[in-house]
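Notes for the structure review
In case you want the letters, here they are:
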Number of protein chains: 4
Amino acid sequence: MSALALGLLSAAQAQTAAPAVVVQRAVTEAEVVAAQQAWCQALVDISTAHAQGGQAAAKALAEKVIDSAYGYQYGAVLFKPTLTVNPQTFRTTRAGALAYFVGGDAAFPKDTGFALKGWTQCRAVNAGVLIAGQTATTMGKVHITGKDGKVTTVDKTWQFMKDDAGRLRIVLHHSSLEFAGS
Amino acid sequence: MSALALGLLSAAQAQTAAPAVVVQRAVTEAEVVAAQQAWCQALVDISTAHAQGGQAAAKALAEKVIDSAYGYQYGAVLFKPTLTVNPQTFRTTRAGALAYFVGGDAAFPKDTGFALKGWTQCRAVNAGVLIAGQTATTMGKVHITGKDGKVTTVDKTWQFMKDDAGRLRIVLHHSSLEFAGS
Amino acid sequence: MSALALGLLSAAQAQTAAPAVVVQRAVTEAEVVAAQQAWCQALVDISTAHAQGGQAAAKALAEKVIDSAYGYQYGAVLFKPTLTVNPQTFRTTRAGALAYFVGGDAAFPKDTGFALKGWTQCRAVNAGVLIAGQTATTMGKVHITGKDGKVTTVDKTWQFMKDDAGRLRIVLHHSSLEFAGS
Amino acid sequence: MSALALGLLSAAQAQTAAPAVVVQRAVTEAEVVAAQQAWCQALVDISTAHAQGGQAAAKALAEKVIDSAYGYQYGAVLFKPTLTVNPQTFRTTRAGALAYFVGGDAAFPKDTGFALKGWTQCRAVNAGVLIAGQTATTMGKVHITGKDGKVTTVDKTWQFMKDDAGRLRIVLHHSSLEFAGS
């Protein structure tokens, strides 16, 4: 940039009464990291609710988490949980997500409630983040610690979309056990 | 819409010499399905090249496929192949993707070449498709058939981004073996 | 595409019980045209409300239109109405938009109420439409007819964004009188 | 966020060898401001080229500017220059943009070359910036100074899109003289 252009810029800034209003609809990396931490914390919180208040308490909290952190109101969420089995692998509906997290739904008989397993810690370590418009996608490891201190690691992809209120919602979630080698 | 508005619309159409030029930068479902079929076909083609021309032929084709079908030119691709193991789970670089598909790279010693395994058929069955701006994300099963006729099924998430030329490129790819149950 | 690939596709379709659920967050041209017609109709409707019920009726309707058709809830709308003058050219707030359409706001003393001028018809003719993600931008002529049958033509740019409920909202609106030549 | 979550975060950061690779495809405000300054500088540069090398030199530079700063390669640009007249108001093609800037095209007989008018300074002052995915839209005043020191102010809307190489390109440009009042 030329010195002239720089001079014009500072002149413009000096003469402008009000700064430009900025509407930020793109997703930032900081928002993504915060949303991942919130998901991790919610997993631990549901486990704690279960230990203290039983399945009903865990379910009530899980519903609140799903409604605030996932994007089922857009029509569907592309959700492949870690431990689901064919032909109920994918949980594109809210009911399918809830059953996976807290069990107790006869329509999903193999679900025992992933969030009820006494998780005490959870942390996400991203390998990559792709910010593309009003969504961002992350890929990396998530390490979750059980009550016996054992750590389970999964490979996880999340896609977040900014909603009208500016909050990120999970619109895609693919979780899988690490491949152990053959 | 009122009858008046409809009348105005047809009047407008009658009076407009030239139709509006449309620049379509969003991704369509048809483009997504075509890109998935191209990926499947490329996998079979690399296997065929290997059977006919050996590793060198397979590698040359794989490089062409990666350069045309993936988006490494954007800086990185979020790629978690089906069979990679920690700490080389994620292949965010072109070299890591190439090693996974055709092996033969000392920097990735556990890679034996996934695309060299004699695949004869491949088809994708989507559970869901999310079109969000200039990208689209899919989740579903991919069934690949070996030369012995045995079918391997993986759970696969892809994110495609439209490039400047209007072609879709894979910018995220998470593949995992089905969970077998415990 | 090879015959093999086509055969695999129809096989996949035959074997898939449920079609993929599609979440469509990109904007389509049809949605854009409908939103433009709705804006035109609203302009005429506000004029009609004014003729029948006076400024109070027009204002009540204009508020409803702004809240449903514009995106002020995102923080601001980039709005340059046709007839505003410096230093109140831009109306990034809801109050500024309302004053422009129906007047009667001491904070915007030069506004006489653009929508109160007895408009009877309005139609948009696009020169171009750019669909880029969750927004679409249009540029073209808008022809509005007064009660004396005289047609006023303006050059208009609109940007629409799809909200959480899937409705388009105007997030940018630049309108200007045609340049008459020098 | 709980103290526990914060503790986990710092633990995660300590244990992660490599930071996440970030692919940033959204547009930032800083990129927008730089692109606006580049446009302003190009306008002055074309005027200077004209003064020093005549129309041929100005045209050669204008072509370079259009090819690097506009997005005609996407199929069309939604461009409403300040001083065009009906029925050639909109310049959706590269040829139409070039004619507007430097004239000399029999297909656009009213174009005298806007960029040849001896502009010496140019600065943009945004009223608002909307960042929505891989595009950003700005609205504000642009002040351009002629060789006699007189300043012309226009109301200008720009939409920028990030190309494959990460550069912003103008995909929409609506410029209009200020309304003088009636």
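Residues numbered from 1 in each chain as written. Chains lettered and ligands numbered in written order. Predicted model: local features only at pLDDT ≥ 70, side-chain atom pairs only at ≥ 80, totals over all residues. Heavy atoms only, no water.

Per an unreviewed UniProt entry, the recorded name for chain A is Phosphoribosyl-AMP cyclohydrolase, and the organism is Ideonella livida.

Mapping chain A onto chain C calls for a screw motion: a turn of 180 degrees about the axis and a shift of 0.0 Å along it, with 0.0 Å RMSD after fitting. The transformation relating the two chain copies, once decomposed into turn and shift, fits a two-fold axis. Proximity to the rotation axis, assessed at the C-alpha, singles out D164 of chain A in chain A; its C-alpha lies 2.9 Å from the axis. The share of interface residues of chain A whose copies in chain C are also at the interface is 100%, consistent with both copies meeting through the same surface. (Least-squares fit on C-alpha atoms with pLDDT ≥ 70 in both. Contact = heavy atoms within 4.5 Å.)

With that out of the way, let us pick up helix α2 (residues 29-69) of chain D. In this model, α2 of chain D (41 residues) spans only 17 Å end to end at C-alpha, well below the 60 Å of a helix rising 1.5 Å per residue. The sharpest bend along α2 of chain D comes to roughly 145 degrees, located at G53 of chain D. (Helix = DSSP H or I, 4+ residues; strand = E, 2+ residues; numbered from the N terminus. Expected span 1.5 Å × (residues − 1). Bend = angle between axes of the 7 residues up to and from the residue.)

All names here are of chain B. The tally for this structure, following the rule as stated, stands at four disulfides over all chains. In this model, C40 is linked to C122 through a disulfide, with the two sulfur atoms separated by 2.0 Å. Taking the torsion about the sulfur-sulfur bond, which here is approximately -50 degrees, the covalent link between C40 and C122 counts as left-handed. Taken together, the residues C40 in helix α2 (residues 29-69) and C122 in strand β3 (residues 121-132) connect sequence positions 82 residues apart. The exposure class assigned to C40 is buried, which follows from its relative accessible area of 4%. (Disulfide = S-S within 2.5 Å. Buried < 20%, exposed > 50% of the residue type's maximum accessible area, 1.4 Å probe, protein only.)

What follows deals with the relation of the copies chain D and chain C. Rotating chain D by 180 degrees about the axis while translating it 0.0 Å along that axis superimposes it on chain C, leaving an RMSD of 0.0 Å. When the interface residues of chain D are mapped onto chain C, 100% of them again fall at the interface, so both copies present the same face.

To continue, consider the pairing of strand β3 (residues 121-132) of chain A. The element β3 of chain A is extensively covered by neighbouring structure, given that nine of its twelve residues are classed as buried. Bridge analysis of β3 of chain A against strand β4 (residues 135-145) of chain A gives eleven bridges, and the strand direction is antiparallel. When the sheet's bridge partners are listed, N126 of chain A is paired in β4 of chain A with G140 of chain A. Between β3 of chain A and β4 of chain A, which follow one another and run antiparallel, lie two residues, and G133 of chain A among them has a positive phi close to 80 degrees. Examined bridge by bridge, β3 of chain A and strand β1 (residues 21-24) of chain D share four bridges and lie parallel to one another. (Pairing = 2+ DSSP bridges.)

Okay, the sheet that holds strand β4 (residues 135-145) of chain D next. The six strands are arranged β1(A)-β3(D)-β4(D)-β5(D)-β6(D)-β2(D) in an open sheet whose pairing can be described as mixed. With one partner strand each, in any of the chains shown, β1 (21-24) of chain A together with β2 (78-80) of chain D form the two edges of the open sheet. With direction set aside, neighbouring strand axes in the sheet form an average angle of 25 degrees. In this sheet, strand β6 (residues 168-177) of chain D lies alongside strand β5 (residues 151-162) of chain D in antiparallel orientation, the contact comprising nine bridges. Counted as the bridge partner of D155 of chain D is S176 of chain D from β6 of chain D. The strands touched by α2 of chain D are β1 of chain A together with β3 (121-132), β4, β5 and β6 of chain D; relative to β6 of chain D, the strand with the most contacts, the crossing angle is about 75 degrees. (Axes fitted to C-alpha atoms, helices over the stretch in contact; angles between N-to-C directions.)

Glancing now at the interface of chain D and chain C. Contacts between the two partners involve 37 residues from chain D, matched on the other side by 37 residues from chain C. In this assembly, chain D packs against chain C so that about 2,700 Å² is buried in total across both faces, 74% of it on carbon and sulfur atoms. Our count for the chain D to chain C interface comes out at zero salt bridges. Seen at the junction of chain D and chain C, the total is ten residue pairs in polar contact (both at pLDDT 80 or more). (Buried area = accessible area lost by both parts, 1.4 Å probe. Salt bridge = Lys/Arg side-chain N within 4 Å of Asp/Glu carboxyl O. Polar contact = N/O pair within 3.5 Å; in protein donor to acceptor, adjacent residues only side chain to side chain.)

Let us look at the pattern of salt bridges. All names here are of chain C. This model, assessed by the stated rule, comprises 32 salt bridges over all chains. Taking the shortest distance from any N to any O, the salt bridge between D67 and R94 comes out at 2.8 Å. Of this pair, D67 sits in helix α2 (residues 29-69) while R94 is found in helix α3 (residues 94-102), placing the two residues 27 residues apart along the sequence. In this structure D67 comes out as partly exposed when scored by relative accessible area, which is 42%.

Counted according to the given criterion, the structure contains 40 aromatic pairs over all chains. On the numbers, 6.0 Å between centres and 45 degrees between planes, the contact of W158 of chain B with F160 of chain B is tilted. For the residue pair W158 of chain B and F160 of chain B, the accessibility class agrees, reading buried in each case. One aromatic cluster is present, formed by Y70, Y72, F79, Y100, F101, F114 and W119 of chain A through successive ring pairs. (Phe/Tyr/Trp six-rings, centres within 6.5 Å; stacked < 30°, edge-to-face > 60°.)

Residue-level contacts link twelve residues of chain A with twelve residues of chain C. Counting each side, the surface lost to burial between chain A and chain C is near 1,200 Å², with a carbon and sulfur contribution of 59%. For the interface between chain A and chain C, the tally reads zero salt bridges. The tally of links between chain A and chain C comes to three residue pairs in polar contact (both at pLDDT 80 or more).

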